[in-house]
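Overview (structure and organization)
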Amino acid sequence: MNQSTDPLPPAGAALARSLRRGYRTNPGLITVALVTTLAAAAPDALFALGLAALVQGVTAGDGLRITEAVAFVGVLATASWLLNVVSDRANRRFADRAAVALEAHVAELQSTISTIEHHERADHLDRISVLRDHADALSLLYSQLFSTVGTLVRLVLTVGLLMSVDPLFGLLALAAVPGVLVANRRSAVEKAVEEAGAQHERRARHLFDLGTSAAAGKEIRVAGVQQWLREQHWAAWTRRSAPLTRVRWVSTAWSAACATLFGAAFLAVVAVAAHQGGSGSGVLRGSGQTAAQVALVLAAGSRLSQFISDSASQTQFFRAIWLDVARRLAWLEDFAAAGAARADRPAPQRIRHGIRLEEVTFRYPGTDRTVLDRVNLDLPAGTVIAIVGENGAGKSTLVKLLCGFYTPTSGRITVDGADLGRIDPADWRRRLAGAFQDFFRFEYPARVAVGVGDLDRIADDDAVRHAIERAGAQDVIDRLEHGLDSQLGLTWPGGTDLSHGQWQKLALARGFMRDTPLLLVLDEPTSALDAEIEHALFERFAAAAHADTRAETGGITLLVSHRFSTVRMADLIIVLSGETVAEYGTHEQLTARAGIYAELYGIQESAYRAGYQNSGATASLFTSTSPDPA
Ligand SMILES: Nc1ncnc2c1ncn2[C@@H]1O[C@H](COP(=O)(O)OP(=O)(O)OP(=O)(O)O)[C@@H](O)[C@H]1O
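Everything numeric in this text was worked out from a predicted model, so none of it was measured.

Our focus in this paragraph is the overall build of the chain. A tally of helices and strands in the chain yields 22 helices and 10 strands. Residue burial in the chain is summarised as follows: out of 630 residues, 37% are buried.

The structure is reproduced here in structure tokens:
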């Protein structure tokens, strides 16, 4: 499978967006943090000058000079302490506020994305997993940026001091350039290796969850795979960390070589200053000037190396973590906005004619495999339509396209002639209802677990009870100690667990909360229930659907099922095979055609009849008549 990743937005633009977002969070606080962090750089850098003046005073035996120098150093130390304390406090307070705002922003972005591509694409998942892990830390972006700029200011002032002794001494900074270049290059290399290993990290976390969660506990013990899982977990971490360790060792070797180069240049500058004699800086002119200049070069040069290594590591850290996270955030913002930009129409109030697929071809983004190939279909308003096909034929994919979770690679889907891609996805979703085989267990009181299917009516008991009744889930509620008020989920106080089938019945009830959806999607929603229960449910449901939806909304019901006893009750049946629609029509038409459908139906029917004959019961599932589609 080929997963091509769309590029991250450019660093400068992403940083500017993050800064704007930070500024909007608290303009006053971020300004104080910036100004004090930058101001704290000056006394730090000028400390070398105070020290040199002190050495000069001592060497010359000049009491006044000594007093002035001590006062100067004292003022610098006090200012440095004060500014550092204020900037530290301001940065922390700002980071606290920004953390909440940014985490909420990331969560909101993820939930507002109308497609589910970012939940299913491996490359997007890797990208988002790094963003999610660092979302709270993103708040430190600002203090990191400010202190990086502060260090650069210290660097410039220190180079200025060195040049005041001899302009050539400024070249010492050049000796640090290889170190900075190496740090930047290595940071990019390490980031790439980290990204390449993100899938192994996700696998390791997944294996950890698997090995420690209650859900998988039974199967793991029965299969006796505990040791195997531990080995897999260890192997996944090793696959992630081994290349990182290698690349970090190489980085360390390069950094050591660069530090050695700078050290040699520094010693040379000190030696030249010692032999040069007094000249240069006006501040230090006079007796004891040579000693003062050597002291200045020693103090400024050693700080220079500290500032350069600080700025190199801060720049590296900034690029590797903060800037990278800022770019991921900008990418997620663009991704969310791109989906919204396409939509410029509201969802219709009712479907008059139907939904149509015109030459729809679909490949999952970033993959090569064509799942649906030039599919043309008419889904008439007010009908119940079943989709059948072997595993992997594309049934759920077709459902996802109709829900707007993905857009077709080519071709288009229209609702009464209007392009689905241009209908506001949130509005379209409000007009959908659905239940899926991979349902979610909402561990809330039963009333809420069902009611969230239609948030507007979550407090409407009649609506909740009606949905439960339609889903045939009343028996589940009857067995709960506190009925609809029972807390579901064993991990909650007073919580109770349900069987898989009971959870699925509640998921189906949740799907029925919306009374008159334009599209009701039932993607194997009863796979955990008996064929008889599914059959009875669908029989009732199909009859009700015909009565309700045609009259009010022209709503269409889509049912995905592998049980032909249920499928035969639909008005129309789509048979998917070989990336396209192999057959389409009513049960009668398809059985008369003697194609794939007739063959599969025949196999299930005879297997079912044989089973019933053996048990002496009456086979009723395959003898029901289809509801009248008229
Ligand atoms: N998120 C995804 N990314 C890439 N490929 C996918 C994704 N989801 C499904 N596929 C692939 O698309 C094809 C169709 O899958 P789909 O789930 O639509 O089949 P299905 O007919 O619903 O199968 P089943 O009866 O087993 O539920 C399969 O080959 C599957 O591997």
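That was the structure; now back to the text.
Right, let's get into the environment of Leu-207. When you line up the elements, Leu-207 lands in helix H9 (residues 198-212). Residue classification places Leu-207 among the partly exposed residues on the basis of 19 C-beta atoms within 10 Å. Along the primary structure Leu-207 and Arg-230 are separated by 23 residues, whereas in three dimensions their C-alpha atoms are 8.0 Å apart. Ignoring anything within four residues of it in the chain, the contact list for Leu-207 reads Leu-229, Gln-232, His-233 and Ala-236.

Pairing within the open sheet is antiparallel, and its 4 strands lie in the order S2-S1-S4-S5. On the outer flanks of this sheet lie strand S2 (370-380) and strand S5 (418-419), each paired with one strand and no other. Running over the sheet, helix H13 (residues 395-403) touches strand S1 (354-363), S2 and strand S4 (410-415) and is turned about 120 degrees from S1.

Now for helix H8 (residues 172-196). Taking 1.5 Å as the rise per residue, H8 with 25 residues should run 36 Å; its terminal C-alpha atoms sit 38 Å apart, in good agreement. Of the residues making up H8, those classed as buried are Leu-172, Ala-173, Ala-175, Ala-176, Gly-179, Ala-183 and Ser-187.

What follows covers the nonpolar core. Core analysis: the largest hydrophobic core is formed by 76 residues, its most contacted members being Leu-558 and Ile-573. In this view, Leu-558 contacts Ile-385, Ile-387, Val-399, Leu-402, Leu-519, Val-521 and Leu-522; residues no more than four positions away in its chain are not counted. Counting residues in hydrophobic clusters, the runner-up holds 38 residues, among them Leu-157, Val-165, Ala-173 and Phe-307.

With respect to the element layout, Thr-580 can be found in strand S10 (residues 580-585). Ignoring sequence-local partners within four residues, the contact set of Thr-580 consists of Asp-373, Arg-374 and Val-375.

The next thing to look at is the sheet that holds strand S6 (residues 432-436). Ordered by their spatial adjacency, 6 strands build an open sheet running S6-S7-S8-S3-S9-S10, and the pairing between neighbours is mixed. Either end of the sheet is taken by a strand with one partner, and the two such strands are S6 and S10. Adjacent strand axes in the sheet meet at a mean angle of 15 degrees when their direction is disregarded.

Let us now look at the UniProt feature "transmembrane region" (unreviewed entry) in the chain. As recorded in UniProt, the sites labelled "transmembrane region" (unreviewed entry) are residues 29-54, 66-87, 140-162, 168-184 and 249-274. The span residues 66-87 shows a helical share of 100% and a strand share of 0%, and its end C-alpha atoms are spaced 31 Å apart. End-to-end, the C-alpha atoms of residues 249-274 are 38 Å apart, and along that stretch the chain is 100% helix and 0% strand.

Time to look at helix H2 (residues 27-39). Here H2 contains 13 residues, and its C-alpha end-to-end distance of 18 Å stays within 8% of the 18 Å for a straight helix at 1.5 Å per residue. Every buried residue of H2 is accounted for by Leu-29, Ile-30, Ala-33, Leu-34, Thr-36 and Thr-37. On its buried face, H2 is in contact with helix H1 (11-25), helix H4 (63-112) and helix H7 (141-165).

Within the secondary structure, Leu-377 is located in strand S2. Classification of Leu-377 by C-beta neighbours within 10 Å gives partly exposed; the count is 19. The sequence separation of Leu-377 and Leu-357 amounts to 20 residues, and the corresponding C-alpha distance is 4.9 Å. Residues in contact with Leu-377, not counting those within four places in the same chain, are Arg-356, Leu-357, Ile-574, Val-581 and Tyr-584.

Per-residue pLDDT for the chain has a mean of 83; in total, 88% of the residues score no lower than 70. Here residues 624-630 is modelled with pLDDT under 50, and outside its nearest four sequence neighbours on either side it reaches 11 contacts, counting other chains as well. The complex prediction reports pTM at 0.61, with the ipTM value standing at 0.97.

Where helix H3 (residues 41-60) contacts H4, the axes come no closer than 8 Å and their chain directions differ by 160 degrees. Considering the angle they form, H3 stands roughly antiparallel to H4. Judged by the sense of rotation from one axis to the other, the crossing of H3 with H4 is left-handed. For the pair H3 and H4, contact is made by Pro-43, Asp-44, Leu-46, Phe-47, Gly-50, Leu-51, Ala-53, Leu-54, Gln-56, Gly-57, Val-58 and Ala-60 and by Arg-65, Ile-66, Glu-68, Ala-69, Val-70, Phe-72, Val-73, Leu-76, Ala-79 and Ser-80, respectively. Tallied by class, the residues present in the contact of H3 with H4 amount to 15 nonpolar, 4 polar and 3 charged.

With that settled, the discussion passes to unusual backbone geometry. Even without glycine at this site, Glu-579 takes up a positive phi of about 65 degrees. Of the residues examined, Glu-579 has 17 C-beta atoms within 10 Å and is grouped as partly exposed. One non-glycine residue, Ala-594, adopts positive backbone phi at about 55 degrees.

The next thing to look at is the packing of H2 against H7. Between H2 and H7, whose axes approach to 8 Å, the crossing angle comes to 25 degrees. It follows from the interaxial angle that H2 and H7 lie roughly parallel. In the packing of H2 onto H7, the handedness of the crossing is right-handed. Contacts from Ile-30, Ala-33, Leu-34, Thr-37 and Leu-38 in H2 reach Tyr-142, Ser-143, Phe-146, Ser-147, Val-149, Gly-150 and Val-153 in H7.

Attention shifts here to the pairing of S4. One ladder, built from 5 bridges, connects S1 with S4; its direction is antiparallel. When the sheet's bridge partners are listed, Leu-357 is paired in S4 with Ile-413. The pairing of S4 with S5 spans 2 bridges and is classified as antiparallel. If you follow Val-415 over to S5, its bridge partner there is Ala-418. The hairpin formed by S4 and S5 contains 2 residues between the paired strands, and Asp-416 there has a positive phi angle of roughly 50 degrees.

Summarising burial for strand S3 (residues 384-389): 6 of the 6 residues are buried, a large majority. Of the two faces of S3, the one holding Val-384, Ala-386 and Val-388 and the one holding Ile-385, Ile-387 and Gly-389 are both buried throughout. Taken together, the 4 bridges between S3 and strand S8 (residues 556-560) define a ladder with parallel strand orientation. Paired with Ile-385 across the bridge in S8 is Leu-558. Bridge count for S3 against strand S9 (residues 572-577) is 5 bridges, and the pairing is parallel. If you follow Ile-385 over to S9, its bridge partner there is Leu-572.

About the cut-offs
- Along each chain, residues carry numbers from 1 onward, in the same order as the chain's sequence is written.
- In view of the model being predicted, local features appear only for residues whose pLDDT reaches at least 70, and side-chain atom pairs are presented and counted only at 80 or more, with totals across whole chains, interfaces and linings using the full set of residues.
- Helix and strand definitions here come from DSSP, where helices need a minimum of 4 consecutive H or I residues and strands a minimum of 2 consecutive E residues; each element is numbered from the N-terminal end.
- Here a residue counts as buried when 20 or more other C-beta atoms sit within 10 Å of its C-beta, as exposed when there are 12 or fewer, and as partly exposed otherwise, the C-beta atoms being derived from the backbone.
- What counts as a contact here is a pair of residues whose C-beta atoms, placed from the backbone, lie within 7 Å.
- Here a strand pair is declared whenever DSSP counts at least two bridges between the two strands.
- Geometry is summarised by axes, namely lines fitted to C-alpha atoms with helices restricted to the contacting stretch, and by angles between N-to-C directions that run from 0 to 180 degrees.
- One less than the number of residues in a helix, times 1.5 Å, gives the span that helix is expected to have.
- Take the buried Ala, Val, Leu, Ile, Met, Phe, Trp, Tyr and Cys residues, join any whose C-beta atoms are within 7 Å, and the set you get is a nonpolar core.
- UniProt positions are given in the numbering used here, feature names are shortened, and annotations may be inferred rather than shown by experiment.
- For every residue, the predictor assigns a confidence score, pLDDT, that lies between 0 and 100.
- Geometric relationships in this document are graded by angle, where less than 35 degrees denotes roughly parallel, more than 145 denotes roughly antiparallel, 65 to 115 denotes roughly perpendicular, and other angles denote oblique.
- Note on convention: the crossing is left-handed when the near helix lies turned anticlockwise from the far helix by less than a right angle, right-handed when the turn is clockwise.
- Each residue receives one of three labels: charged for Asp, Glu, Lys and Arg, nonpolar for Ala, Val, Leu, Ile, Met, Phe, Trp, Tyr, Cys and Pro, and polar for the others, Gly being one of them.

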